[in-house]
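# Understanding the architecture of this molecule
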Amino acid sequence: MKRLFILLVAVISVNVASAQTFKDFVKGAVTQVLDSVTDGKATEIMLTGTWNYSSPAIRLATENEVLSSVASSAVTSSLESKLVKAYSLVGLKEGATSFTFKNDNTFTAVVGKRTLSGTYTYDSATHKLTMEFSSLLKLGKLNGYAYLNGESLDIVFDCSRMMDFLVSLGSKTSMLKGITSIANQFDSMMIGMQYNK
């Protein structure tokens, strides 16, 4: 029993060190457990509504699924810093970006001065989120993943697809080379945005 307690304390200590606060850690853990128990239905239910951009999101993936948020490190901090700059060039920033997902599987996105719209599908078993844009920018279909993370929603995409999306919105290719070089240091890195209601 004593070993189990020590192991539990050690696991919590390691995880709390990478979370901003203990409260954030608990919320994140609770939503992950809830989502796991409901086979992703919790995210599906919570997805509807308006979500406001708060920060970049970075997750690692396996062949079959996106695993978890990447723990803080010098490399991921550098990547987040570069993402903030690249995102802001195309209007992806706090107070200027939001997604509204409706029950009829339509969405509206505000990105800076642009308003984009389209349809979406969400597969709760895999967390796969597919958004098809019906805008003049010809963004087409964007496949990603949506995960609850405490009170936040992480929407992440394959790194190369996210780079294409940023270029379509007007970001400079030279600015994105630094992001790609950092992301290539990890296998199957997914990048995107974190939103709050």
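Residues numbered from 1 in each chain as written. Predicted model: local features only at pLDDT ≥ 70, side-chain atom pairs only at ≥ 80, totals over all residues. Heavy atoms only, no water.

All right, on to the overall build of the chain then. Of the regular secondary structure elements, the chain holds six helices and nine strands. Across the 197 residues of the chain, 40% fall into the buried class. Taking the intrachain contacts of the chain between residues at least 6 apart in sequence as the baseline, contacts between residues at least 24 apart amount to 59%. (Helix = DSSP H or I, 4+ residues; strand = E, 2+ residues; numbered from the N terminus. Buried < 20%, exposed > 50% of the residue type's maximum accessible area, 1.4 Å probe, protein only. Contact = heavy atoms within 4.5 Å.)

Mapped onto the elements, Ser152 comes out in strand 8 (residues 152-158). A distance of 2.5 Å separates polar atoms of two side chains, one belonging to Ser152 and the other to Asn196. Dropping the residues within four chain positions of it, Ser152 is found in contact with Trp51, Tyr147, Gln194, Tyr195 and Asn196. (Polar contact = N/O pair within 3.5 Å; in protein donor to acceptor, adjacent residues only side chain to side chain.)

Turning our eyes to something else, we now look at the nonpolar core. Phe101, Phe107, Leu129, Met131, Ile155, Ile191 and Met193 are the most contacted members of the largest nonpolar core, which has 34 residues in total. Per-element accounting of this core gives the leading share, four residues, to strand 9 (residues 189-196). (Core = buried A, V, L, I, M, F, W, Y, C linked by side-chain atoms within 4.5 Å.)

Turning our eyes to something else, we now look at the pattern of salt bridges. Across all of its chains, the model carries one salt bridge by this definition. Here Asp154 makes a salt bridge to Arg59, at a shortest N to O gap of 3.1 Å. Highlighted residues: Asp154 in strand 8 and Arg59 in strand 1 (residues 49-61), separated in sequence by 95 residues. Asp154 gets classed as buried once you look at its relative accessible area, which sits at 2%. (Salt bridge = Lys/Arg side-chain N within 4 Å of Asp/Glu carboxyl O.)

Under the criterion given, the structure shown has eight aromatic pairs. Centroid distance Phe107 to Phe133: 5.1 Å. Interplanar angle 80°. Geometry classified as edge-to-face. Taken together, the residues span a long stretch of sequence, with Phe107 in strand 4 (residues 106-111) and Phe133 in strand 6 (residues 128-133) at a distance of 26 residues. In this structure, Phe107 and Phe133 share a single accessibility class: buried. Aromatic rings pair up to connect Tyr53, Tyr87, Phe99, Phe101, Phe107, Tyr120, Phe133 and Tyr195 into one cluster. (Phe/Tyr/Trp six-rings, centres within 6.5 Å; stacked < 30°, edge-to-face > 60°.)

This paragraph deals with unusual backbone geometry. Despite not being glycine, Asn105 has its phi angle at roughly 65°, a positive value. For Asn105, the position within the fold is in the loop between strand 3 (97-101) and strand 4. Classification of Asn105 as partly exposed rests on a relative accessible area of 34%. Positive phi is not limited to glycine here, since His127 has a value of about 70°. By the secondary structure assignment, His127 is in the loop between strand 5 (114-123) and strand 6.

Considering the arrangement of structural elements, one finds Thr97 in strand 3. Within polar-contact distance, the side chain of Thr97 engages the backbone oxygen of Gly91 at 2.8 Å. Every residue in contact with Thr97, bar those within four places of it in the chain, is listed here: Trp51, Asn52, Tyr53, Gly91, Leu92, Val110, Val111, Gly112 and Tyr195.

Turning our eyes to something else, we now look at the pairing of strand 9. Of all the eight residues making up strand 9, seven are buried; the element is thus mostly covered by neighbouring parts of the structure. Pairing of strand 8 with strand 9, which is carried by seven bridges, proceeds in the antiparallel orientation. Residue pairing for strand 9: Ser152 is matched across the bridge by Asn196. (Pairing = 2+ DSSP bridges.)

Summary statistics for the chain give a mean pLDDT of 73 and a share of 56% for residues scoring 70 or more. Within the chain, the lowest mean pLDDT, 39, falls on helix 1 (residues 2-18), and the highest, 96, falls on strand 3. This stretch, residues 1-19, has a pLDDT under 50; its non-local contacts, to residues over four places away or in other chains, come to eight contacts. (pLDDT = per-residue confidence, 0-100.)

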